[in-house]
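Chain by chain, the residues run as shown.
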Amino acid sequence: MASPSPARARAAPRALLVVVAYLGFVSLALPDIAHGVSWPFVRDAFALPQSGLGLIMAGTAAGFFVSSFFAGRLLEAVGVGRLLAGSTGLVAAALVGTAIAPNFAVFLAAAPLVGLGSGAIDSGLNAYAAARFSARHMTWLHAAFGFGAACGPFLMTGALVVGGSWRLGYGTIALIMGAMALVFLSTRGLWRADAGGPVGAGARAAPARVTTRAALAHPVVRLQIAMFCIYVGVEYGAGLWIFTVLSEGRGLSVELAGTMAGLFWGGLFVGRVGFGLVADRLGEDLSVRLGLAGMTLGAAAFALAPTPVGLVGIVLLGLACAPIFPMLMSRTPARLGAALSAHAIGFQVSAAMLGGVIFPALGGLLADTIGLDAVPFMVLASVLALVVLNAMLERRTA
């Protein structure tokens, strides 16, 4: 019997890793999004003010920022397979602590640990996928994150309905993350062997290492950091303020305002699935330009047009956001090379986390000082800044 060809022998492990990466992105979104459903019950259990949720998110963000910022060094030190297994295990352990927390101090102490693990998972998967997977799979991987973000609230709601306890919800997510840690651990050899080793793992053929300081000094790295910060700022700034702007600022019903907020996030998910079908044909750069053009039209309609057109603009904005993050991430290794890209992807994930915290807060500041109508203009100005930054980025890397 003829032995399988080398190409076929490589294809089976690669297909398995694609499936594992998709599952990893789904699981990555589960813990944070579940807070939105559990918070009223956690707040009552520990007799907390509403501002307590901000402390949890800040703790998670701090841990996420630290681990993703140093992801390049971690990838060099341990390789992507071990990094994913250890980080997912850390998240699972932290969620067990969350589920059994006897008081809010313990609950809050677990948040940075969840962030540390999540930041390393996000950076590790993005670094690996950007170097190994096609633009189509890169887009669908981030659509999988959106699917996980939708599943988190359902899991927590199911735990509240069936078990009557938010603790069961976090325990269930901890079990899922623990199972993923075992999957990553059992496949660690495949991650290392695929295409000569993971990004930045120190394979013999790898280029010379680059220090964190040198990577930060690179002008293209800085441009991409700015783009990721502002893009995620637009995504979260718009997504978190749409309901309030429409219901309190423009007098729409709660039902319609809530529907439009849901359609924004739904558009992002559907757009990523759709762009994934054509991403390889369009290429990363054209996909980003098309996305930015749609975002400009959508943001302008949200800020300037009468209500019916503005509502269409919100949906367009969500759809057009779809290719930006995955396509910029997919393009990073080609723009920067293997030595810089592992560092750069970690910086980009950190910048994205910062943007997701800063821009919604800035929207609140503008709403308090100027009025809610200022928020759509913040979104529009940020989109225009992205257009300028992308033109500079393409000129530098042409």
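Read on for a plain summary of the structure.

Criteria and thresholds
What you see as residue numbers is a count from 1 along each chain, following the sequence as written. Totals for whole chains, interfaces and linings use all residues, but because this is a predicted model, local features are given only for residues with pLDDT of at least 70 and pairs of side-chain atoms are given and counted only at 80 or more. The side-chain quantities take in all heavy atoms of the structure and omit both hydrogens and water. Grouping buried Ala, Val, Leu, Ile, Met, Phe, Trp, Tyr and Cys residues that are joined through side-chain atoms within 4.5 Å yields what is termed a nonpolar core. When a residue's accessible area, from a 1.4 Å probe over protein chains only, is under 20% of the maximum for its type it is buried; when over 50% it is exposed; and in between it is partly exposed. Contact between two residues is taken to exist if any of their heavy atoms lie within 4.5 Å; hydrogens are not considered. When a carboxyl oxygen of Asp or Glu lies within 4 Å of a side-chain nitrogen of Lys or Arg, that pair is called a salt bridge. In DSSP terms, a helix is any run of H or I states spanning at least four residues, a strand is any run of E spanning at least two, and both are numbered starting from the N terminus. Under the pairing criterion, centres of Phe, Tyr and Trp rings, with the six-membered ring standing for Trp, must be within 6.5 Å; the plane angle then separates stacked pairs below 30 degrees from edge-to-face pairs above 60, leaving the rest tilted. Regarding the arc, it is the one traced by the directions from the helix axis to the C-beta atoms.

Details of the nonpolar core
At step 1: Formed by 119 residues in total, the largest nonpolar core has its most connected members in Phe107, Trp191, Tyr231, Leu246 and Met295.
At step 2: The residues contacting Phe107, other than those within four sequence positions of it, are His35, Val42, Phe46, Ile56, Thr98, Ala101, Trp166 and Tyr170.

Topic: the pattern of salt bridges
At step 1: Per the stated rule, a full pass over the model turns up 7 salt bridges.
At step 2: With a shortest N-O distance of 3.8 Å, Asp373 and Arg250 are connected by a salt bridge. Pair noted here: Asp373 is in the loop between α16 (338-369) and α17 (374-396) and Arg250 is in the loop between α11 (219-249) and α12 (254-282), with a separation of 123 residues, a long-range link.
At step 3: Relative accessible area serves as the criterion here: at 42%, Asp373 is assigned to the partly exposed category.
At step 4: With a relative accessible area of 25%, Arg250 lands in the partly exposed category.
At step 5: Between Arg289 and Glu394 there is a salt bridge, with its nearest N and O atoms 2.8 Å apart. Remark: Glu394 occurs in helix α17 and Arg289 occurs in helix α13 (residues 284-304); sequence separation between them is 105 residues.
At step 6: On the basis of relative accessibility, which here comes to 40%, the residue Arg289 falls in the partly exposed class.

Quick notes on the packing of aromatic side chains
At step 1: Tallied over the entire structure, the rule returns 11 aromatic pairs.
At step 2: For the ring pair Trp166 and Tyr170, a centre distance of 6.0 Å and an interplane angle of 80° mean the geometry is edge-to-face. Here Tyr170 and Trp166 lie together in helix α8 (residues 166-186), a separation of 4 residues that amounts to about one turn.
At step 3: Classification of Trp166 as buried rests on a relative accessible area of 6%.
At step 4: Its relative accessible area of 0% is what places Tyr170 among the buried residues.
At step 5: Measuring from centroid to centroid gives 6.5 Å for Tyr231 and Phe325, while their planes differ by 55°, and the two rings are tilted. A residue pair is termed long-range when its members are at least 10 positions apart, and Tyr231 in helix α11 and Phe325 in helix α15 (residues 324-336) qualify at 94 residues. Each member of the pair, Tyr231 as well as Phe325, carries the same accessibility label: buried.

Here's the deal with helix α4 (residues 71-78)
For an α-helix the count is 3.6 residues per turn, leaving residues at separations of three or four pointing the same way.
At step 1: Those residues of α4 lying buried are Ala71, Gly72, Leu75 and Glu76. Along the axis of α4, the buried positions cluster into a sector of 140°, meaning they face one direction only.
At step 2: Of the surrounding secondary structure, the elements contacted by the buried residues of α4 are α3 (52-69), α5 (80-100), α6 (104-132) and α16.
At step 3: Of the residues one or two after α4, Gly79 is the one with positive phi, at around 85°.

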